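Observations on the model geometry
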Protein chains: 2
Amino acid sequence: MNCKADRGGDLDHLDWLALRSVRSVGRSQPMLSQTAEYALRAVVYLATTYPVPAPNHVVARDCNVPRDYLAKILLGLRENGLVASQRGKNGGFVLTRPADKISLREVVDCVDPVERVRECPRAVEEHCEELCPLHRFLDSAAVEVIKLLEGQTIAELANGTPRTFPHLV
Amino acid sequence: MNCKADRGGDLDHLDWLALRSVRSVGRSQPMLSQTAEYALRAVVYLATTYPVPAPNHVVARDCNVPRDYLAKILLGLRENGLVASQRGKNGGFVLTRPADKISLREVVDCVDPVERVRECPRAVEEHCEELCPLHRFLDSAAVEVIKLLEGQTIAELANGTPRTFPHLV
């Protein structure tokens, strides 16, 4: 069989070059969204200024996050009670509790939580009660990521002592 | 401090409602891209027909993946040597080796690999040599996901015996 010459089954009509146009094939996929990663940068930063409030533009500058984008993220964190805000000359955003009481999971959950697989994405009727093995595995892996985020406090990152993990496999 | 009444620092000018317009805040983020998840569905399916080729439209129907999208994914997998294709009436796509020799990582790497954090996204000069603690942690977590994918064979999913993991934290 000549893989390069043959196309296989009903694919003969497809232009090989069309492959290049697939939107996401070949891109790497970040584990967390950009929003979640920005939120983590900001909260780690606020851990270093705690309990002194830091204005949005200072956090944006020091974390290298676009100012308007960060403002919306901080408002989202505030809506979830993770940060509070103070008006005035020395105002800004401040964590509502010490950073050793905040896990990365809490921050990520405020903005873009890691997605669980709770329903069969293939819409297979028999998988309504129990997911197929592929999606059981993917959900289990998502739970592992959530646990990693849960086991890491913001304080440990702000202090420069992130956890390392045992090799899983 | 009244969190709901105050806006904090330089955020006074922001419309609170603007928060709703942030593109991704509040969405959950899948650990793998849709493309990678579709690729896994297809390869698990091809494990069940191996070594008989399956045409694209049959894989698409049985995996509940859009046909044109799947065709491009299968061509991507073929370009990476994971599947081969056969022309003709009984043609289609077939794995190039038994499914117990294919890990989920290999499939994902063909389309949308899990992203490592190799450079400081904050562009901090001192972090050129070594990442900051947050990004060290995130990279370490990405490595854990890659290892989970590496430790799981397609055959185990096709046989209905996905691995389960020890609790990490």
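Residues numbered from 1 in each chain as written. Chains lettered and ligands numbered in written order. Predicted model: local features only at pLDDT ≥ 70, side-chain atom pairs only at ≥ 80, totals over all residues.

Focus: the packing of helix H5 (residues 133-150) of chain A against helix H5 (residues 133-150) of chain B
Closest axis-to-axis distance for the H5(A)/H5(B) pair is 10 Å, and the angle between their directions is 160°. What the angle tells us is that H5(A) and H5(B) run roughly antiparallel. Considering only the axes of H5(A) and H5(B), their crossing is right-handed. In this structure, H5(A) uses Ala141(A), Glu144(A), Val145(A) and Leu148(A) to contact H5(B), whose residues at the interface are Ala141(B), Glu144(B), Val145(B) and Leu148(B). Each residue belonging to the contact of H5(A) with H5(B) can be placed in one class, and the counts come to 6 nonpolar, no polar and 2 charged. (Axes fitted to C-alpha atoms, helices over the stretch in contact; angles between N-to-C directions. Helix = DSSP H or I, 4+ residues; strand = E, 2+ residues; numbered from the N terminus. Parallel < 35°, antiparallel > 145°, perpendicular 65-115°, else oblique. Left-handed = near helix turned anticlockwise from the far one by under 90°. Contact = placed C-beta atoms within 7 Å. Nonpolar A, V, L, I, M, F, W, Y, C, P; charged D, E, K, R; others polar.)

Notes on helix H2 (residues 56-63) of chain B
Residue and element names in this part refer to chain B. Restricting attention to buried positions, one finds in H2 the residues Asn 56, Val 59, Ala 60 and Cys 63. When H2 is viewed along its axis, its buried side chains cluster within an angular range of 100° and face the same direction. Each element contacted by the buried residues of H2 is listed here: helix H1 (34-49), helix H3 (67-79) and strand S2 (92-95). (Buried ≥ 20, exposed ≤ 12 C-beta atoms within 10 Å, placed from the backbone. Arc of directions from axis to C-beta.)

Considerations on the confidence of the model for chain A
Residue and element names in this part refer to chain A. Across chain A, pLDDT averages 82, with 76% of residues at or above 70. When pLDDT is averaged over each helix and strand of chain A, the minimum, 92, is found for H5 and the maximum, 97, for strand S2 (residues 92-95). Overall, residues 1-9 carries pLDDT values under 50, and its contacts beyond four positions in sequence, including any with other chains, amount to 26 contacts. The model gives residues 11-24 a pLDDT under 50, and that stretch makes 15 contacts with residues more than four places away or in other chains. Interface scoring of the predicted complex returns ipTM 0.81; its pTM is 0.81. (pLDDT = per-residue confidence, 0-100.)

Points about the pairing of strand S1 (residues 83-86) of chain B
Residues and elements named next belong to chain B. With 4 bridges connecting them, S1 and S2 associate as antiparallel partners. Looking at the pairing, Ala 84 lines up with Val 94 of S2. Between S1 and the antiparallel strand that follows it, S2, lie 5 residues; Gly 88 among them carries a positive phi value of about 100°. (Pairing = 2+ DSSP bridges.)

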